[in-house]
Amino acid sequence: MRASQFLISTLKEAPADAEIISHKLMMRAGLIRKLSAGIYTYMPMGLRVIRKVETIIREEMNRAGAIELTMPVVQPAELWQETGRWDKMGAEMLRLKDRHGRDFAMQPTSEEVVTDIARAELKSYRALPKNLYQIQTKFRDERRPRFGIMRGREFIMKDAYSFDRNEEAAGRSYDAMYAAYCRIFDRLGLTYRAVAADTGAIGGDRSHEFQVIADTGEDAIIYCPDSDYAANIELAEALPLLAGRAAPAQAMQKTPTPGKSTCEDVATLLGTALSNTVKSLVLATDETDESGAIIKSTVWLLLVRGDHDLNEVKAGKVTGLDNGFRFATEAEIVTHFGCKPGYLGPISLKQPVKIIADRTVAQMSDFITGANEPDFHIAGVNWGRDLPEPDAVADIRNVVAGDPSPDGKGKLAIQRGIEVGHVFYLGTKYSQAMNATFLDEDGKPKPFTMGCYGIGVTRILGAAIEQGCDARGIIWPDAIAPFRIVICPIGYERTPEVKAAADALYAELAAAGIDVLLDDRGERPGAMFADWELIGAPHRVVFSERGLKEGLAEYQGRRDTEASKIAVAELAAFIKSRLLP
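Sequence positions are assigned chain by chain, starting from 1 and proceeding in written order. Local features in this predicted model are restricted to residues whose pLDDT is 70 or higher, and side-chain atom pairs enter the listing and the counts only when it is 80 or higher, whereas totals over whole chains, interfaces and linings include all residues. Hydrogens are left out, water is left out, and the side-chain values use all remaining heavy atoms of the structure.

## Topic: the environment of Met 89
Piece 1. With respect to the helices and strands, Met 89 occurs in the loop between α4 (85-88) and β5 (95-97).
Piece 2. It only takes one pair of heavy atoms within 4.5 Å for two residues to be counted as in contact. What Met 89 contacts, discounting residues up to four positions off in sequence, is Trp 80, Arg 95 and Pro 108. The helix count covers DSSP runs of H or I at least four residues long, the strand count covers runs of E at least two residues long, and both are numbered beginning at the N terminus.

See the structure below:
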């Protein structure tokens, strides 16, 4: 490709609404252009990256035995109503009506459609296993689109769905996809971790996220440096930090804490460690009638140590909270505790509440908690002596760095990551809901056992940039750079020797199958180099009149601090040795 035949549209400054570095650099490098909030045009430079990502994904999916198809972006409501997700998906699913008033959705995912295909096409156990995948546009109506393509509304995703006879066979399909994902992200040239994850709203029992490591990542990845343990913050198990509960050593005492409503302020005022305090969080659950009207509410008090934070995903798995919860209203709190938030605790309640203690809190002695009275806390509180044992003890907190690893092999560390892939074992969640069955070997119908596997194709671009960039611009991995090598001739049109050398190298590299671009635009050297450092070409060759007189050209890798002088006669062989297998 010659630059004069391509569309290169770099910007000196990023738009004011670009918040994170990947958004800024994608705009400046001319990879994307904003059409509407969360909706972008992928410019030719960005589309080249997308196509390279898709090629790697497609090759590895095919290698793993998956079969490609394409499902419609617009899907009928009836399929979503079969699984109940038409109502459960919420406002993120864009709903629309056709001219006849029939309901449709812009697909955010395609479990229903692919399950409909399976029940129509896969009649017998002899047709299994099958794994169907697509690389297709998705739409999720984010409440607040931000961070460019990282949290956009329209995006490209690879989604795959496996169909098996039973759990054992589905486990093999899951493992095959897990291995394929590892190969994909290895080939993409990204530093990543595969971490155990919560299955979330999509449902299922087994789940792993593939996280690209980046300091700017939204997700906290928990791992043990001394073992293979890795999980996301929602799933990582927090072991109790106390081996057992010590006997009481203090008398319970009501203590003035004027204006000190946080555990941090109370600990500072009382001259004690934050880990001696207990934080109170109040939730509520509702029972409703057939019309959806609330007929009964239950208030729950969740207790975590003052230096810990509640993990809402874990809380949502506690018996009684597992059908959904909300944070209690101030009126409910005052009714049950006799006090507004800030000084709450489990002692002197006005009305009974369900008390859930985190594992560590359940082992604490002589702790400090709110007195349910403004400007007062209670010190020296002990289970059994001063208040009854909790209704339940559960892991309801986020882990912190330095916690013991659940596998017993060291201490946990935390790093940031960007989720770019996710694999789920679904079981029969969708096949049972949609009566999607096959005839098994015994002649009886059985529901398909399913898995689903997603990769955010366009999200990979943002994640790769967050992981690889510097003050000058993007640093692409070789495998997905829009062009692997750019030839930058200085004085291309006015110096015959420079033009001849550049044309000759370009022709030889292109003939060898190397993705090369010749910048024949006639730009000044500074502007030309700045463009390609911004765009992120991994390799660059510069020809100049002065260099050619000495028989030399300059080569520089995008991560190199300075250029290397290479003899022109050896240049093509040098580049091929670096860029070809």
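## With respect to the side chain of Asp 503
Piece 1. Looking at where Asp 503 falls in the secondary structure, it is placed in helix α13 (residues 496-511).
Piece 2. When accessible area is computed with a 1.4 Å probe and restricted to protein chains, residues below 20% of their type maximum are described as buried, those above 50% as exposed, and intermediate ones as partly exposed. A residue is classified by how much of its surface remains accessible, and Asp 503, at 18% relative accessible area, is buried.
Piece 3. Here Asp 503 is in contact with Arg 2, Tyr 492 and Leu 518, once residues within four sequence places are set aside.

## Quick notes on the state of the cysteines
Piece 1. By definition, disulfides here are pairs of cysteine sulfur atoms that lie within 2.5 Å. What the rule picks out here adds up to zero disulfides.
Piece 2. Here Cys 224 is not cross-linked by a disulfide; its sulfur's nearest cysteine counterpart is in Cys 182, at 19 Å.
Piece 3. Of the residues examined, Cys 224 reaches a relative accessible area of 2% and is grouped as buried.
Piece 4. Among the cysteines around Cys 339, which has no disulfide bond, Cys 263 carries the closest sulfur, lying 14 Å off.

## Looking at the layout of surface pockets
Piece 1. Only protein atoms enter the 1 Å grid used here, on which a cavity is any set of points holding a 1.4 Å probe that cannot leave and a pocket is any open set flanked by protein within 12 Å on both sides along at least five of seven lines; residues with an atom within 4 Å of a point are listed as lining. Grid points are joined across faces, edges and corners, and a volume is the space filled by probe spheres set on the points. The volume enclosed by the second largest pocket comes to roughly 290 Å³.
Piece 2. Lining the second largest pocket are 22 residues, and of these Ser 261, Lys 279, Ser 280, Gly 342 and Tyr 343 sit closest to its centre.
Piece 3. Of all the elements in the fold, those that place two or more residues in the lining of the second largest pocket are α7 (263-270), β14 (278-288) and β18 (367-370).
Piece 4. Broken down by element, the residue count for the lining of the second largest pocket peaks at five residues, all from β14.

## Structural notes on empty space enclosed by the protein
Piece 1. Under the criterion given, the structure shown has one cavity of 30 Å³ or more.
Piece 2. Its boundaries defined by the atoms lining it, the largest cavity holds a volume of some 80 Å³.
Piece 3. For the lining of the largest cavity, the elements supplying multiple residues, two or more each, are α14 (525-535), β29 (539-543) and β30 (552-557).

## Here we look at the sheet that holds strand β28 (residues 516-518)
Piece 1. Here, a strand pair is defined by DSSP locating no fewer than two bridges between the strands. One open sheet accounts for five strands, arranged β28-β27-β29-β30-β31; its pairing is mixed. Only two strands of the sheet have a single neighbouring strand rather than two, namely β28 and β31 (564-567). Here the average twist between neighbouring strands, direction ignored, is 25 degrees.
Piece 2. Sheet topology note: the strand β27 (residues 485-489)/β28 ladder contains three bridges and is parallel. The residue of β28 that forms the bridge with Val 486 is Leu 517.
Piece 3. Simply put, an axis is a line fit to the C-alpha atoms, just over the touching stretch for a helix, and the angle between two N-to-C directions goes from 0 to 180 degrees. Contacts between α14 and the sheet are confined to β27, β28 and β29, with β27 contributing the most and set at about 175 degrees to the helix.

Structural measurements only, silent on function.
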